[in-house]
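In case you want the letters, here they are:
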Amino acid sequence: MSVDAKYPIVPRQGLDFGLEGDIPKYWLGGDPFKTRLFDAMSTLFPEGEKFFITCVRDYRERVSDPELQQQIKDFIRQEGQHSMVHGQFNARLQAQGVRVDRIEARMRQILGFLRRILPRSFTLAQTAAAEHMTAIMAHSFFHRRELLEHADPRIRAMYAWHAVEEIEHKAVAFDVLTKVAKAGYFPRIVMMLYVSLMFPLHTMLIMNHMFQVDGFSWRHRAGLWLRGLWWLYRPGGLYLPVLPHYLVYFIPGYHPWKAGHMKSYERWTEVYTRTRDPIAAGDALHAMGV
Ligand SMILES: [Fe+2]
Ligand SMILES: [Fe+2]
């Protein structure tokens, strides 16, 4: 059983994004819809990533390949850091009045329920599917410069770091799923369909809660949604250009390293290794695009 990762999985700790600083509420170009889209996803990450770790851990004992063992260890360390840093960021949202505590309690309830009713191979398939989605997001957020052009550089750097590490470990859950759990096509696809439906649904429900907390009237919210959904789903919007990357998951024989090349990966690691400054590395990644 050999695992050929394209990039090494490097767990990084203690990155300082300056999240305690004076960051504007609508940090993405003053745009409530775009900002709250990222903010809503951020509220899902800590509980989601803890769940991913648990689901991969279920199979850890059964992994005989030392290389995959090491990758699992590094995957767990990376996701643990993501969970922690997004937790710090989410504390800002809670202070703005967003009920992060309630969102997380609800997430724990749903994910706990899934762990009770589904076989372990299915919750691992759910993890592999979610990892495919995060790898796609890593590409789409930095693919074209205009999306994050007017973002606060600190938050953009947090997402750049997260994107780079999601690319590094994008095959780990998938390899455990196919090589260790030996799950077939059915759990892989059915859980991808579940994630494809539930992830956007939860994100949008949380965004709507955020708009209410922000004091937008229903009329104003309707306008935000109409313009925002058009921006997301219009031809050439955020969603359609990544559709082919999403769909490759459904091809039998697919492997995460077969799809998606992040050409600026080396640029981020080079700047980060040289400067140890995650904001400079984030700026460099953004400037280049993936
Ligand atoms: Fe992550
Ligand atoms: Fe991940």
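Just so it is clear, the structure is predicted and the values come from calculations on it, not from any experiment. (Residues numbered from 1 in each chain as written. Chains lettered and ligands numbered in written order. Predicted model: local features only at pLDDT ≥ 70, side-chain atom pairs only at ≥ 80, totals over all residues. Heavy atoms only, no water.)

Asker: Describe the environment of proline 46, with residues and values.
Answerer: Within the secondary structure, proline 46 sits in helix α1 (residues 32-57). Taking relative accessible area as the criterion, proline 46 reaches 4% and is therefore assigned buried. It is 6.2 Å that separates the C-alpha atoms of proline 46 and glycine 87, two residues lying 41 residues apart in sequence. Discounting residues that sit within four places of it in the chain, proline 46 has contacts with Ser83, His86, Gly87, Asn90 and Glu104. (Helix = DSSP H or I, 4+ residues; strand = E, 2+ residues; numbered from the N terminus. Buried < 20%, exposed > 50% of the residue type's maximum accessible area, 1.4 Å probe, protein only. Contact = heavy atoms within 4.5 Å.)

Asker: Mind laying out the coordination of the iron ion (ligand 1), listing which residues take part and the relevant values?
Answerer: Donor atoms from the polypeptide that coordinate the iron ion (ligand 1) comprise Glu49 (OE), Glu79 (OE), His82 (ND1), His162 (NE2) and Glu166 (OE), at 2.0 to 2.3 Å from the metal. All donors of the iron ion (ligand 1) belong to a single chain; written as a sequence motif, their spacing is E-x29-E-x2-H-x79-H-x3-E. (Donors = N, O, S within 2.8 Å, 3.2 Å for Na, K, Ca; no water.)

Asker: Can you break down the packing of helix α4 (residues 120-143) against helix α8 (residues 185-213) residue by residue, with the values?
Answerer: Contact pair α4 / α8: the axes reach a minimum separation of 8 Å and the direction vectors enclose 55°. In terms of axis orientation, α4 runs oblique to α8. Considering how the two elements wind past one another, α4 and α8 form a crossing that is right-handed. Listed contacts from α8 to Phe122, Ala125, Gln126, Ala129, Ala130, His132, Met133 and Met137 of α4 are Phe186, Pro187, Arg188, Val190, Met191, Met192, Tyr194, Val195, Ser196 and Phe199. Tallied by class, the residues present in the contact of α4 with α8 amount to 14 nonpolar, three polar and one charged. (Axes fitted to C-alpha atoms, helices over the stretch in contact; angles between N-to-C directions. Parallel < 35°, antiparallel > 145°, perpendicular 65-115°, else oblique. Left-handed = near helix turned anticlockwise from the far one by under 90°. Nonpolar A, V, L, I, M, F, W, Y, C, P; charged D, E, K, R; others polar.)

Asker: How would you sum up helix α11 (residues 265-275)? Please name residues and give values.
Answerer: Residues of α11 that are buried include every one of Tyr265, Trp268, Thr269, Val271 and Tyr272, and no others. Buried residues of α11, viewed axially, fall in a sector of 165°; they line one side. For α11, the exposed residues set more than 90 degrees away from the buried face come down to Thr273 and Arg274. Where α11 is buried, its residues contact α6 (153-168) and α12 (278-288). (Arc of directions from axis to C-beta.)

Asker: Tell me about the packing of aromatic side chains, residues and numbers included.
Answerer: Counted by the stated rule, this structure contains 21 aromatic pairs. Ring centres of phenylalanine 211 and phenylalanine 216 lie 6.1 Å apart, and the angle between their planes is 80°; this geometry places the pair in the edge-to-face category. Phenylalanine 211 sits in the buried class, given a relative accessible area of 0%. With 5.0 Å between their ring centres and 70° between their planes, tyrosine 233 and tyrosine 239 make a pair best called edge-to-face. Classification of tyrosine 233 by relative accessible area gives partly exposed; the value is 36%. Relative accessible area serves as the criterion here: at 37%, tyrosine 239 is assigned to the partly exposed category. Taken together, the ring pairs in this structure connect Phe33, Phe211, Phe216, Trp225 and Trp231 into an aromatic cluster. One Lys or Arg, arginine 188, reaches over the ring of tyrosine 249 and ends 5.2 Å from the middle of that ring. (Phe/Tyr/Trp six-rings, centres within 6.5 Å; stacked < 30°, edge-to-face > 60°. Lys NZ or Arg CZ within 6 Å of the ring centre and 35° of its normal.)

Asker: Tell me about α4, residues and numbers included.
Answerer: Compared with an ideal rise of 1.5 Å per residue, which puts 24 residues at 34 Å, α4 spans 34 Å between its outermost C-alpha atoms and is within 8% of the ideal. Burial analysis of α4 places 22 of its 24 residues in the buried class, which makes it a mostly covered element. (Expected span 1.5 Å × (residues − 1).)

Asker: Kindly report on the nonpolar core, identifying the contributing residues and their values.
Answerer: The nonpolar side chains of a soluble globular protein tend to be buried with one another. Of all hydrophobic cores here, the largest spans 99 residues; its most connected members are Trp27, Phe38, Phe141, Leu148 and Tyr249. A per-element tally of this core places α4 first, with 13 residues. Ignoring any residue separated from it by four or fewer positions in sequence, one finds phenylalanine 141 in contact with Phe38, Met41, Leu147, Leu148 and Leu238. (Core = buried A, V, L, I, M, F, W, Y, C linked by side-chain atoms within 4.5 Å.)

That is the geometry; function is a separate question.
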